[in-house]
Amino acid sequence: MEQELQIKPLALEGVEDKRPLVIAGPCSAETEEQVMETAKQLHSVGIKIFRAGIWKPRTKPGGFEGKGLEALPWMKQVKQETGMLTACEVATPEHIEQALQYGIDILWIGARTTANPFSMQALADALQGVDVPVLVKNPVNPDIELWVGALMRLNSAGVQRIAAVHRGFSSVDQKIYRNAPMWHLPIELARRYPTLPIICDPSHMGGRRDLIAPLSQQAMDMGFAGLMIESHCNPDCAWSDAKQQVLPDVLDFILDRLVIRDNIESTESLNAMRKQIDEIDNMIMDVLTKRMRISREIASYKKTHNMTVVQTGRYSEILEKRGAQGALCGMSAGFVKNIYEQIHEESVRQQMEIMNKA
Ligand code: PEP
Ligand code: MN
């Protein structure tokens, strides 16, 4: 049996337990002035948790790789002068040791680190016996098991104040998003671990300022616990991720306009509609079963007449006809194509079974 997660509430001191939990601050701590100025502005708009990257993982060497140890006293100063909690990314046991030395309140694991079980185990070992909240970003690749595995390693080391951060997944298609949201993955995580808080990071997901508001709203519509958003006192001049950072005032404007939906799981009318959905799903399963039965009959016919299973002309005809039908009903062509590719694959599999029967 798979290991259960022992999850305790984050219980952050001085932060109300309401949705959304907001963590904001620059991508990177650049200078003492930039850190303090951004922190003061964020504090003045009511932000309670300040983030900043101290060690910056970059795709290629030679860029700005974070200030490291030099920046940690600035974080301490933020805490002393504003009372905000501080958070930073850690990727090695030394980072953990140094961050904790400077009173960092919340640690997070970056996407590149979550993807590496060796690193995750080393971090978990370093956290043995330390009661600090740890946020785990999704791995860069869309693999939910790696994400869960990272949470499990921490949990086995005794870290129970854990949360997940959904920041999207690398993909070849970067037409809209820097990292594709693939919402079904955090939704599956929430299904498996209903008490695990999930925080959305629309900054790294969108990679663009204008996508922060719509992505944050989507996260709230899905009942996410909170948001991690990059904010800088002079975003255009940021040393990293300039395009996706917003002024603290702009962040405040975005947060003000978010519609926070109720987390209530069911109401009478919702139950009635869900019942209808269940009935329709039963009908879909019924119809699919019938369709597969006919495919098997066709396979017997093809076998006795020595014909091939896959007849590409017929397959193209189905894809075209159903695609056009779907478009008329307001469904995307891609959706209909996906469904029919799956149905066809299963149909071929079942036909092959018949063909290969002695
Ligand atoms: C970050 O939060 O600054 C960061 C580097 O994010 P990610 O690990 O999601 O790329
Ligand atoms: Mn960043």
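Attention now moves to the overall build of the chain. Check the secondary structure of the chain and you find 13 helices and eight strands. If you line up the chain on its principal axes, its C-alpha atoms span 80 × 45 × 40 Å. Considering the chain as a whole, with its 358 residues, one finds that 44% of them fall into the buried category. A total accessible area of about 19,100 Å² is found for the chain, and carbon and sulfur atoms account for 54% of it. If you average the places of the 40 positive and of the 45 negative side-chain charges in the chain, the two averages end up 7 Å apart.

Turning next to the pairing of strand β4 (residues 106-109). Of the two faces of β4, the one lined by Ile 106 and Trp 108 and the one lined by Leu 107 and Ile 109 are each fully buried. Once the chain exits strand β3 (residues 85-89) it traverses helix α3 (residues 93-101) before rejoining the sheet at β4, and the crossover so formed is right-handed. Two elements, β4 and strand β5 (residues 134-137), share three bridges in a ladder whose sense is parallel. By the bridge assignment for β5, Leu 107 is matched with Val 134.

Contact geometry for helix α1 (residues 32-44) and helix α2 (residues 72-82): axes closest at 10 Å, N-to-C directions at 30°. Taken together, α1 and α2 sit at an angle that is classed as roughly parallel. The handedness of the crossing between α1 and α2 comes out as right-handed. Contacts from Glu 32, Val 35, Met 36, Ala 39, Lys 40 and His 43 of α1 reach α2 at Trp 74, Gln 77, Val 78, Glu 81 and Thr 82. Across the contact of α1 with α2, the residue classes break down as five nonpolar, three polar and three charged.

On to the coordination of the manganese ion (ligand 2). Taken together, Cys 27 (SG), His 204 (NE2), Glu 230 (OE) and Asp 241 (OD) make up the full set of protein donors to the manganese ion (ligand 2), lying 2.1 to 2.4 Å away. Here the donor residues for the manganese ion (ligand 2) map to a single chain with the spacing C-x176-H-x25-E-x10-D. Here Glu 230, found in strand β8 (residues 226-230), pairs with Asp 241, found in the loop between β8 and α10 (248-256); they are 11 residues apart in sequence, far enough to count as distant. For Glu 230, a relative accessible area of 1% translates into the label buried. Since its relative accessible area comes to 18%, Asp 241 is described here as buried.

Looking at the assigned domains, one finds that the chain contains domain 1 (21-256) and domain 2 (268-356). Here the C-alpha centroids of domain 1 and domain 2 sit 43 Å apart.

Calculation criteria
- Residues numbered from 1 in each chain as written.
- Chains lettered and ligands numbered in written order.
- Predicted model: local features only at pLDDT ≥ 70, side-chain atom pairs only at ≥ 80, totals over all residues.
- Heavy atoms only, no water.
- Helix = DSSP H or I, 4+ residues; strand = E, 2+ residues; numbered from the N terminus.
- Buried < 20%, exposed > 50% of the residue type's maximum accessible area, 1.4 Å probe, protein only.
- Areas by Shrake-Rupley, 256 points an atom, 1.4 Å probe, with all protein chains shown as cover.
- Lys, Arg positive; Asp, Glu negative; His and termini not counted.
- Charge placed at Lys NZ, Arg CZ, Asp CG, Glu CD.
- Right-handed = clockwise from strand over helix to strand, strands pointing away.
- Pairing = 2+ DSSP bridges.
- Axes fitted to C-alpha atoms, helices over the stretch in contact; angles between N-to-C directions.
- Parallel < 35°, antiparallel > 145°, perpendicular 65-115°, else oblique.
- Left-handed = near helix turned anticlockwise from the far one by under 90°.
- Contact = heavy atoms within 4.5 Å.
- Nonpolar A, V, L, I, M, F, W, Y, C, P; charged D, E, K, R; others polar.
- Donors = N, O, S within 2.8 Å, 3.2 Å for Na, K, Ca; no water.
- Domains from an automatic or database assignment.

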